[in-house]
Amino acid sequence: MPTLLPAELKLWQSVESTVKKILSNYAFQEIRTPLLERTELFQRTIGEQTDVVSKEMYSFLDRKEQSLSLRPEATAGVVRAGIEHGLFHNQTQKFWSMGPMYRYERPQKGRYRQFHQVNMEAFGYEGPGIDAELILLTSRIWRKLGVEDIQLELNSLGTAESRKGYRAILVEYFNDRTDSLDEDSILRLEKNPMRILDSKNPEMADVIHSAPKMNDHLDQESEDHFNGLLEYLDGHRIQYVLNPRLVRGLDYYTKTVFEWTTDKLGAQATVCGGGRYDDLVKQLGGKDVFAIGCAIGFERLVELVELSGKKDQNGHPKIYLVAVGDQAEAKSSELAEMIRDQFEDCVLELNQDGGSFKQQFKRADRAESDIALILGDEEIENDTIGIKLMKEGGDQETISQDKLLESIADKIGV
Ligand code: ATP
Ligand code: MG
């Protein structure tokens, strides 16, 4: 589980703020659910046969012997909360959330045991317009962050009803080829054969490739919905690839599923994945509510932004206050508060624990300051202050303390 250090968090924060702005622009509202839920919630929603539930969850018994798990994804918790708080009665909802998820996986670049997701979920919308909106929203995020080389893959898993027929055809196909299946897949053949299509075992690539395809077995309703979505995307000139083997790693999906993938991140190709889950709310004891959602893997997104060469996009001007001598130190604290009152978007660092002018200038330099303010005995005596532009190697000016705020505003251009 990685620790995020200040140096990398600069870019994280700037990506976060861009993403949040776009979410609110599409009228999504934030929701925060607990990191812990009953294990049963994930078993019932994500599915017992999925990798996530069967191998990757952090589960433990609490003091009352109740099994709890660290959340491996967000949708289950959001649906649970929505039912509990009556948020799905006769209303539509659009929620976003952001935070850590936990999966016991083999750690490697782009794959961690604690990672972060941005999640979007929309409830109560039946037509394909909302499917399109989620895709347009995510696509706007990539555009705004300067992320290129990312492609949209789409599939439809049909309604639960239409999947029954397909399931039988799939079982028959794999039953004739059990020699080509690994142990996991043989187990899934009985309980959840569609999971086999999600296998990452390269030795099974051929048998999966030739398997019957869900989109040849869609019912009319699912097909109309999917075609409706494609029309929207064509209208917006969003490019996509139809991938009949895209089934996603969680069991609750219906109809539309999609992933945004890239070839820039090695084996960890999926940056965002999602789809409809029209049966889930009811399955968990709520009303029959249409639903769709998707999750962006934040680490992978930040990595892509970094690769695109765009760095911290909201660098705030930085001021360092140098003060030498007891009186200067006392005065500098007073001036620092005054500057912070006036320039809320600036970073103001006040030198602490003394040091010579030379040492303090070195600190100002290391802190990558734009401006240094200088107070010594001489300045205190004359009610003046030194001001120096650090980055252009500019000369040091001495000004009256009354003119300080004006002069800072002038130098940082506000
Ligand atoms: P993968 O196929 O890479 O294992 P997944 O299908 O298990 O992904 P989802 O459950 O759809 O992933 O989660 C949505 C997104 O969260 C993924 O597309 C990915 O960007 C990110 N993600 C999932 N697991 C991890 C992880 N262990 N570390 C970092 N990011 C992850
Ligand atoms: Mg996974």
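Since the structure is predicted, the reported quantities are computational estimates derived from the model, not experimental observations.

Conventions and cut-offs
Residues numbered from 1 in each chain as written. Chains lettered and ligands numbered in written order. Predicted model: local features only at pLDDT ≥ 70, side-chain atom pairs only at ≥ 80, totals over all residues. Heavy atoms only, no water. Near = heavy atom within 4 Å. Polar contact = N/O pair within 3.5 Å; in protein donor to acceptor, adjacent residues only side chain to side chain. Areas by Shrake-Rupley, 256 points an atom, 1.4 Å probe, with all protein chains shown as cover. Helix = DSSP H or I, 4+ residues; strand = E, 2+ residues; numbered from the N terminus. Nonpolar A, V, L, I, M, F, W, Y, C, P; charged D, E, K, R; others polar. Phe/Tyr/Trp six-rings, centres within 6.5 Å; stacked < 30°, edge-to-face > 60°. Buried < 20%, exposed > 50% of the residue type's maximum accessible area, 1.4 Å probe, protein only. Domains from an automatic or database assignment. Pairing = 2+ DSSP bridges. Contact = heavy atoms within 4.5 Å. Axes fitted to C-alpha atoms, helices over the stretch in contact; angles between N-to-C directions.

Caption draft 1: Structural view of the site of ligand 1. Close to ligand 1 lie 15 residues, the nearest being R103, E105, R111, R248 and T270. In this structure, an oxygen atom belonging to ligand 1 sits 2.7 Å away from a side-chain N or O atom of R248. Between an oxygen atom of ligand 1 and a side-chain N or O atom of R300, the distance comes to 3.0 Å. Here ligand 1, which alone exposes 580 Å², has 93% of that area covered by the protein. For the shell around ligand 1, the secondary structure elements donating two or more residues are β6 (114–123), β10 (270–276) and β11 (291–297). Tallying contributions element by element places β10 first for the shell around ligand 1, with 3 residues. Of the residues assigned to the shell around ligand 1, the class counts are 5 nonpolar, 4 polar and 6 charged.

Caption draft 2: View of the packing of aromatic side chains. By the definition in use, this model includes 9 aromatic pairs. Considering the side-chain rings of W12 and F298, the 4.9 Å spacing of their centres and the 50° angle between planes classify their relative orientation as tilted. Taken together, the residues span a long stretch of sequence, with W12 in helix α1 (residues 6–25) and F298 in helix α11 (residues 298–307) at a distance of 286 residues. Judged by relative accessible area, W12 falls into the buried class, the value being 5%. Ring geometry for F88 and F123: centres 4.4 Å apart, planes at 40°, overall tilted. Of this pair, F88 sits in the loop between α4 (75–84) and β5 (93–102) while F123 sits in strand β6, and the two are 35 residues apart along the sequence. In this structure, F88 and F123 share a single accessibility class: buried.

Caption draft 3: Region of the structure containing the domain arrangement of the protein chain. When the domains of the protein chain are assigned, the result is domain 1 (6–159 + 219–308) and domain 2 (318–408). If you average the C-alpha positions of domain 1 and of domain 2, the two centres end up 48 Å apart.

Caption draft 4: View of the sheet that holds strand β1 (residues 29–30). The strand order across the open sheet formed by 8 strands is β1-β5-β6-β11-β10-β9-β7-β8, and the pairing between neighbours is mixed. Whereas interior strands pair on both sides, the edge strands pair on one side only; in this sheet they are β1 and β8 (241–242). Direction of pairing for strand β7 (residues 151–156) relative to β8: parallel, over a ladder of 2 bridges. Bridged to E153 within β8 is V241. Packing against the sheet, α1 makes contact with β5 and β6, and its axis sits at approximately 160° to β5.

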